[in-house]
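Coordinates in review
Okay, here's what each chain looks like letter by letter:
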Amino acid sequence: FLPVFMLFTSLALFGAYVYLHYTTKIYKVGSSLMIKNESSDRSADKFKDLLEGGEKSNVQSEIEILKSRPLMTRVVNALNLNTSYFAVGKFKSPNIYKYGPFLLRAYSIADSGRGFSIGVNFINGGKNFRINGEPANYQFGTLFKNGNGVFSLERNKNIPIGKEYNIVWTPTHAVASAYSSTIEVREKSIGTNILTINLETPNPQMGADIINQLMIEYQNESKDEKKISAEQTINFIDASIKFVTGERDSLENAIVDYRLKNKIIDREIQTGNYFENLNEADKAIVRQTGYVGIIDMLDNYLKNKNTKYLQVPSSLGIEDATLAALIESFNLTQLKRKDLLESNIPRENPLVKETESQIDEIR
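It should be emphasised that the depicted structure is a prediction, and the values quoted were computed from it without experimental measurement.

Reading the values: rules and limits
- Residues numbered from 1 in each chain as written.
- Predicted model: local features only at pLDDT ≥ 70, side-chain atom pairs only at ≥ 80, totals over all residues.
- Heavy atoms only, no water.
- Helix = DSSP H or I, 4+ residues; strand = E, 2+ residues; numbered from the N terminus.
- Buried < 20%, exposed > 50% of the residue type's maximum accessible area, 1.4 Å probe, protein only.
- Contact = heavy atoms within 4.5 Å.
- Areas by Shrake-Rupley, 256 points an atom, 1.4 Å probe, with all protein chains shown as cover.
- Phe/Tyr/Trp six-rings, centres within 6.5 Å; stacked < 30°, edge-to-face > 60°.
- Lys NZ or Arg CZ within 6 Å of the ring centre and 35° of its normal.
- Polar contact = N/O pair within 3.5 Å; in protein donor to acceptor, adjacent residues only side chain to side chain.
- Salt bridge = Lys/Arg side-chain N within 4 Å of Asp/Glu carboxyl O.
- Axes fitted to C-alpha atoms, helices over the stretch in contact; angles between N-to-C directions.
- Left-handed = near helix turned anticlockwise from the far one by under 90°.
- Pairing = 2+ DSSP bridges.
- pLDDT = per-residue confidence, 0-100.

Counting its regular elements, the chain contains nine helices and 10 strands. A buried classification covers 30% of the 363 residues belonging to the chain. Taking the intrachain contacts of the chain between residues at least 6 apart in sequence as the baseline, contacts between residues at least 24 apart amount to 67%. Carbon and sulfur atoms form 55% of the exposed surface of the chain, whose accessible area is close to 23300 Å².

Counting across every chain of the model gives 13 aromatic pairs. Judged by centre distance (5.7 Å) and plane angle (50 degrees), the ring pair of phenylalanine 102 and phenylalanine 122 falls under tilted. Within this pair, whereas phenylalanine 102 is found in strand β3 (residues 102–109), its partner phenylalanine 122 is found in strand β4 (residues 116–123), the two being separated by 20 residues in sequence. An aromatic cluster of at least three residues, connected via ring pairs, comprises Tyr85, Phe102, Phe116, Phe122, Phe129, Tyr138, Phe140, Phe144, Phe151, Tyr165 and Trp169. When the ring centre of tyrosine 309 is taken as origin, the NZ or CZ atom of arginine 337, which lies over that ring, is 3.6 Å away.

Checked against the element boundaries, threonine 172 lands in helix α5 (residues 172–182). For threonine 172, a relative accessible area of 18% corresponds to the buried category. Side chain to side chain, threonine 172 and asparagine 82 meet in a polar contact 2.8 Å long. Once residues lying within four places of it in the same chain are set aside, the contact partners of threonine 172 are Thr73, Val76, Asn77 and Asn82.

The full count for this structure, using the stated rule, is nine salt bridges. Note that aspartate 209 and lysine 98 form a salt bridge whose closest N and O atoms lie 2.8 Å from each other. Remark: lysine 98 occurs in the loop between β2 (83–87) and β3 and aspartate 209 occurs in helix α6 (residues 204–261); sequence separation between them is 111 residues. The exposure class of aspartate 209 is buried, given its relative accessible area of 12%. Using a relative accessible area of 53% as the deciding quantity, one classes lysine 98 as exposed. The salt bridge involving aspartate 360 is made with arginine 363; its shortest N-O contact spans 3.2 Å. We classify aspartate 360 as partly exposed; its relative accessible area is 39%. Beyond isolated ion pairs, a larger network of salt bridges with shared partners links Arg337, Arg347 and Glu356.

For the pair helix α4 (residues 69–79) and α5, the least separation of the axes is 8 Å and the interaxial angle reads 115 degrees. Regarding α4 and α5, the two cross each other, and that crossing is right-handed. The segment α4 lies against α5, with Arg69, Met72, Thr73, Val76 and Asn77 engaging Thr172, His173, Val175, Ala176, Ser177, Tyr179 and Ser180.

Moving on, we get to the sheet that holds strand β1 (residues 27–34). The antiparallel open sheet is built from three strands, whose spatial order is β1-β10-β9. Edge positions in the sheet fall to β1 and β9 (184–187), since each has one partner strand and no second. Taken pair by pair, the neighbouring strands of this sheet meet at an average axis angle of 20 degrees, ignoring direction.

So, about the confidence of the model for the chain. Predicted confidence across the chain gives a mean pLDDT of 82, with 88% of residues reaching 70 or more. Confidence scores differ between elements of the chain, with helix α2 (residues 46–52) showing the lowest mean pLDDT of 43 and strand β8 (residues 164–169) the highest of 94. pLDDT under 50 marks residues 39–57. Its contacts with residues more than four places away, or in other chains, come to six contacts.

What follows is the structure, given as structure tokens:
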């Protein structure tokens, strides 16, 4: 049976060669990201952190954010990943991300919720092309229309033109869902705040761009949230300052009237302790009146229909633990609803409705 063994061994080796030669290669692209601890208590008990979790909850939250669909949606829009280009070959059609001889420009899309593909065949040495095998000829820069919308092709002069290409357009939410489910984010080692981000892709340049842009958008989203929170806090502080200033002015006027009425003008002939106590009392009144004013404004803020789905700016020094916990829960639920809507989930979706019910209950 030696000839039979040799024959089947040769066939197996040939099959392995063909498989390895024509199968699309998959590359693993990765990077590292440090999550900064924004806690102001730098002297916290490290042993206590170890027992109670410490920064772990914060790191786990950032992992979920990095894998979230809203953040990946920003990456898709930044890199224009809706459109994929493939060079059609006899055995395989590689993705020619950033190395294609042309770019598709969409002027209008008939249905942005449905994907489609466009076949491009070049003729006359690449001077003209046909769409989806139709007889009409087009040139670069001219508009062409089909059932999917109105488009044009823009020439990339740095890359030579082949004969046949396939353009695939995919809705943003579908691309974002695909990448957010395949990207891998985890702690580099247990107990650290360094994360590793990995992605397997047939195009290493595209994978590198996605991971780099993901970290950029993560930073930008964090800045945007801090900016919104800061603006709301500033507006809240401005209103508080106006209120407290008015109360202080009225108190000072009352003190002046009292001094004039009782002819207490010359400080040198008055008892120093009396005015010191009076001054401390004034400060206490202003402080307590300010707290009451802040609570009133917070109450009005929550009752205002125009701010129904906005975060509470800040408790601004109110030390009530229960109120602080409620405000934190309220803001987190608002962020959850915002992320759902930014993921193109309709407001009628049960998950959005449930989140809105939670917001109403916390309010």
